[in-house]
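Working through the structure, step by step
So you can see what is in the structure, the chains are spelled out below.
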Amino acid sequence: MRQLKRKYGAVVVLTVLMLVAAACGGGDDDDASPGATTQTDPNAAMTAAMDKLYKDALAAGEKEVSVAYVPLQSYMLEWKPLFEKRFPGLTLTPRDFGTNSAWGSLVLQELNAGRRSVDTGITSALVYKPLVDAGLVENVDWAALGAPKDRVDAPIPGLLINHDIACGVTIYDSRKVKAADLPTDPQGWLDPKWRNQMVMEPFNGFACMAWYGLKVGEDKALALGKAMKEQNGLLVADSAENLLASGERSVIPFHATRGLALKDKGVPVEAKFLPGTGGVARQGFAVIKGTPSPNATRLFALWSITDEAQNVSDKTLGGAYSFIGASRPNSALRQEIVKQGLNPDDPAIFTYETSANWVARSDLATRLRVALVG
Amino acid sequence: MTAPTVDTADAPPAPGTGGARHVPGGGWSRGLTRWFPWITGRRVLAAGAFTTFLLLVVPPLATTFFAAFRGPADRLPLEDGAYATLDNYRAIIESGGLGRTARDTAIFVLGSMAVAMTFGVAIAWLIERTNLRFGRWFYLLVFAPYLIPPIINAQAWQLLLLRDNGLLNRLLRLILPFDRGPLDAFSMPGMVLAQGLSWVPLVVLLMGAAFRNMDSTFEEASRVSGVSVAGTFRRITARLLIPSLLGTSLLLAVFLVGQFEIPLVFGLGAGLEPFGLRIYKLLVTESSVPPYGQVAAYSTVMVAIAYGLILLYRRIMSRAERYTTVTGKGYRANRLDLGRWQAPALALMGLYILVAAVLPITVLLWQSVVPIFQPDIGLLRDYASLDAYRELLADARFWQAAKNTVMISLGAAVVTTVLGSTMAWVVARYRGKRLGRAALDTVASTSLGIPSPVAAFSLYIFFLTTVRILPVYGTLWALVLAYSFRVGVAYRVALAGFLQISRELEEASAMSGAGVVTTLRRVLLPLMLPTVGVVFILGLITAMNEFSVPIFLGNPETHPLSVYAFGRMQQWPDQAAAMGVMGMGVVLLLAGACRHLALKKAL
């Protein structure tokens, strides 16, 4: 008995010592493991895929993932330490393209110039288009890597949907306008009471208006836009949200929920979806061909849809840029839509951007913008 | 005592020959001159400076002109599949784009010019030709708007001219019977008012010099004959000033053609799309690779207009001597006694300074401490904080942009100062035929006629086209070279300085055996140091505030503060304003150093 106790006691002690050594020891890069996280991944398959990608990245000597973003996506800077903590040995390098949200063509120029550019970036199908046309976007099978189905049904092949931008929202100054005052149909914007009250952004505004145009036809959408401008003094300006916040104008029609971010600045604004104008534009990550870090880039894209990452980006801009899909039921944007009594999964209310309609919508947005502001 | 040995190429001509007297050279140039008599130190410097300048200007412009005739529009001119075509011009004409852009540019330029000239000439006359009290102080305050970086200045004017909540409109409604407005940022009048007032300092600078140098004898004779002050101004003063007025207007028009900041911030809402904004919209496109060919086509039209104006300006100024009042017989520049008009004149000047200088600076300070601007003292009291400054100073991107700004500005200031000063010295000391000197002067001033957006696009497309042999694209060097396009300004300021220094000093140095470099270093440079210092600091200030070049040519790693500030303007206007306030502080220090050097020179 004494001998048995000694034998098994030794085994237990050795096991405990090994576990302690594994937890505390650094080891070399080849033995590195992902750092601990308190947030959950969408599913076990994706976790396993990320672990494999991580090991493959280290084995291949990949060190850095360079990511394009614009100031509105400044949560990228908060993602950096989280990603690097979970995946030691990899560095996330965000590249802020500033006001040039159409960085796709800039990246193409850098690549054509033989220079190291970005490995991926968070943006829409439209911005990726120059790279897609040049054959520089990898058609990654994200579903095979465990990504939920509603994250891979993207407008362009290879795009992993990170978040959505819900259009069809009217952002209004609650000091001057009540929800009940708002029109229930877009033609209601021609009511004289909205004269000199409306302001829209030139790019996002017509991108959102284009969803309406897809439903009712270009001519009707164009006629509405012209009438809003000529009869009711619709102002088109990049600083639309600032003009609303300062009290200069009281409503932004055909906007996205991003306008709710003004609340963080103490501005009393609210949002209301206008039936018949809802649309969901999708933004995400795609892997650019020729990247020196293919495994690390895929790993980063997958990690960006985990709760750990999404909980951070959800807090930005009032939750405006968050995922609506059913695989993330607690996202800020999905909850906002539900709060307004709408079903985010109802295609009659929200038209989702797909490979079948994104080109038509983008082209329509451009034609509306050119026709109304030049 | 033997006469100093001189090289025959530089030997003084024999008495009575009437030939040009050459400054003898020494040192390394002496040996070179023995074998190549036509090579002198001055010619080497001249060739070096002008060749460098031409290399800086000609290849990018040539690339733009070449690209305008290459298609398809979204291909670089030497890219596979590119071919010669007129399609770019056809496209911009048939689409109506060129017509609309030309019309909008004409409205914008003429309107802004009218505002700038009206205020500028009146202020310059009051300060230089009357006994207006505190004239020197007003002269300094007129230049206060130059403290504000142009893109932030556009933000300030937008906040002043918002129809309901603009600070200027709120103040105007205290005395005028309007429910809204009366001014509107998003309208053509609002845009030209903001742009015009921003250029009043330049008009005051140029017209002030003209008024200062005008003999008052004719005006006195007119008044003694019983003509009123207004009549004297209209029939005597204005006529004598015709060349200066026209010259200033034309120079202003050249600068306005390339103006970009206010149209960018105001333009969309105002429905105006001048050339600079048109080019920006074409280059910053979401849907595809930019239509380089069409942008090049627009650029060539802009350059043609700008150079046409420059040629007209030079023609007018070449005939200016017909209106000379200051001669070797001496002149008087007596000041008109304003008498009972002193108080109204002071009030008008005070009002101008309030609107053009005090209010923009005030609104920027205000915006920098609140997240959203609203002209309400109560809200200011409740929400004011230094958060914007704290967030900026804690942002690594701000420091990266600041570092980029310092490096680019210093590099560009050095290039423009050395190049501009060398070219100015060559032209100032040129002894050849008048036509030769005029040609050199024209070449050196060439860059003045190139609007900033065109300069930026030309270098952008040149660097992209030649990236395999000249890997400058996307680096800080690209921006240093692009900023150095403004060498024409440095040249003109340095030329004025060199013309004031007698060449006898250099000749005496050369006669003592000193070479060109030694003469420059030990004789000319100490005398020119204040002027060169002013040129350097002006170059530094201009580079620090530059926006239209880096917005086209920069990338995330090379963005200077002006582009970074623009990027913050929509979502974080308080941070953009805070950057403007900090920028003003730096420019104020540099301007003070500039003035100190200028005064030192005067002594």
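Residues numbered from 1 in each chain as written. Chains lettered and ligands numbered in written order. Predicted model: local features only at pLDDT ≥ 70, side-chain atom pairs only at ≥ 80, totals over all residues. Heavy atoms only, no water.

1. Digging into the packing of aromatic side chains
All names here are of chain A. Rules: Any Phe, Tyr or Trp ring, taking Trp's six-membered ring, that has another such ring centre within 6.5 Å forms a pair; planes under 30 degrees apart are called stacked, those over 60 apart edge-to-face, and the others tilted. Helix and strand definitions follow DSSP, with helices as H or I runs of at least four residues and strands as E runs of at least two, each counted in order from the N terminus. Accessible area is worked out with a 1.4 Å probe on protein chains only. A residue is then buried under 20% of its type maximum, exposed over 50%, and partly exposed in between.
If you walk through the whole model with that rule in mind, you get 32 aromatic pairs over all chains. On the basis of an interplanar angle of 75° and a centroid distance of 5.0 Å, the ring pair of Phe285 and Phe300 is categorised as edge-to-face. Taken together, the residues span a long stretch of sequence, with Phe285 in strand S10 (residues 279-285) and Phe300 in helix H10 (residues 294-303) at a distance of 15 residues. Pair check on accessibility: Phe285 and Phe300 agree, each one buried.

2. What about the packing of helix H2 (residues 41-68) of chain B against helix H20 (residues 434-445) of chain B?
Residue and element names in this part refer to chain B. The line we're drawing: Angles shown run from 0 to 180 degrees and are taken between the N-to-C directions of axes, each axis being a line fitted to C-alpha atoms and, for helices, limited to the stretch in contact. Here the word oblique covers every angle except those under 35 degrees (roughly parallel), over 145 (roughly antiparallel) and from 65 to 115 (roughly perpendicular). With the far helix as reference, a near helix turned anticlockwise by less than a right angle produces a left-handed crossing, and one turned clockwise produces a right-handed crossing. Residues count as neighbours in contact if any of their non-hydrogen atoms are within 4.5 Å of one another. Charged residues are taken to be Asp, Glu, Lys and Arg, nonpolar residues to be Ala, Val, Leu, Ile, Met, Phe, Trp, Tyr, Cys and Pro, and polar residues to be all remaining types, Gly included.
Contact geometry for H2 and H20: axes closest at 10 Å, N-to-C directions at 40°. Of the possible angle classes, the one that applies to H2 and H20 is oblique. The two elements H2 and H20 cross, and the hand of that crossing is left-handed. Residue-level contacts link Phe50, Phe53 and Leu54 of H2 to Leu440, Val443 and Ala444 of H20. Its residues assigned to classes, the contact of H2 with H20 comprises six nonpolar, no polar and no charged.

3. Points about helix H11 (residues 307-314) of chain A
Each turn of an α-helix holds 3.6 residues, which means side chains three or four residues apart point in the same direction. Residues and elements named next belong to chain A. The buried fraction of H11 amounts to six of the eight residues, a majority that puts the element mostly inside the structure. Three or more residues of H11 are buried, namely Glu308, Ala309, Gln310, Val312, Ser313 and Asp314. Looking at the buried residues of H11, the elements they touch are helix H3 (75-86), helix H6 (149-152), strand S5 (160-173), H10 and helix H12 (332-339).

4. Structural notes on the interface of chain B and chain A
Rules: By buried area we mean the combined loss of accessible area, with a 1.4 Å probe, across both parts when two parts are placed together. Put simply, a salt bridge is a Lys or Arg side-chain nitrogen that is within 4 Å of an Asp or Glu carboxyl oxygen. What qualifies as a polar contact is a pair of N or O atoms within 3.5 Å, subject to a donor-acceptor requirement within protein and to the restriction that residues adjacent in sequence count only when both atoms come from side chains.
With 47 residues of chain B at the interface, the matching set in chain A holds 50 residues. Taken together, the two surfaces of chain B and chain A that pack against each other cover about 4000 Å², and 49% of this comes from carbon and sulfur. Linking chain B to chain A there are two salt bridges. We note a salt bridge from A:Asp96 to B:Arg397, for which the minimum N-O separation is 3.0 Å. Across the chain B-chain A interface, the total number found is 17 residue pairs in polar contact (both at pLDDT 80 or more).

5. Comments concerning the pairing of strand S2 (residues 91-96) of chain A
Residues and elements named next belong to chain A. Note the cut-off: Whether two strands pair comes down to DSSP finding at least two bridges between them. For a crossover, the right-handed case is the one in which the path from the first strand over the helix to the second runs clockwise, viewed with the strands pointing away from the viewer.
In the sheet, strand S1 (residues 64-69) pairs with S2 via six bridges, with the strands oriented parallel. Bridging from a neighbouring strand, Val67 pairs with Pro94 of S2. Handedness of the S1-H3-S2 crossover: right-handed.

6. Considerations on helix H11 (residues 229-240) of chain B
Residues and elements named next belong to chain B. Put simply, the rule is: The directions considered for the arc run from the helix axis to the C-beta atoms.
Looking only at H11, the buried set comprises Gly231, Thr232 and Thr237. Projected down its long axis, H11 shows its buried positions confined to an angular sector of 160°, all on one face. Opposite the buried face of H11, by more than 90 degrees, sit the exposed residues Ala230, Arg234 and Arg239. At its buried positions, H11 is contacted by helix H9 (200-212) and helix H10 (217-224). At the N-terminal end of H11, a side-chain oxygen is found 3.0 Å from the backbone nitrogen of Gly231, two or three residues along, and the residue is Ser228.

7. Overview of the pairing of strand S8 (residues 251-256) of chain A
All names here are of chain A. Of all six residues that make up S8, six are buried, and the element is covered over most of its length. The pairing of S5 with S8 spans four bridges and is antiparallel. Each residue of the ladder has a partner; that of Ile171, found in S8, is Ile252.

8. Quick look at the sheet that holds S2(A)
All names here are of chain A. Across the sheet, three strands lie side by side as S2-S1-S3; this open sheet has parallel pairing. Two strands close off the open sheet at either side, each with one partner strand: S2 and strand S3 (120-121). In the packing of H3 onto the sheet, contacts are made with S1 and S2, and the angle to S2 comes to roughly 170°.

9. Regarding the nonpolar core
The line we're drawing: Among buried residues, those of type Ala, Val, Leu, Ile, Met, Phe, Trp, Tyr and Cys that are joined through side-chain atoms within 4.5 Å constitute a nonpolar core.
Of all hydrophobic cores here, the largest spans 231 residues; its most connected members are A:Trp103, A:Leu131, B:Leu161, B:Leu252, B:Phe266 and B:Tyr280. Tallying contributions element by element places helix H4 (residues 97-129) of chain B first for this core, with 13 residues. When neighbours within four sequence positions are excluded, A:Leu131 is seen to be in contact with A:Trp103, A:Gly104, A:Val107, A:Leu108, A:Leu111, A:Leu136, A:Val137 and A:Ile288. Grouped together as the second largest cluster of nonpolar side chains are 34 residues, A:Leu58, A:Val65, A:Leu90 and A:Phe285 included.

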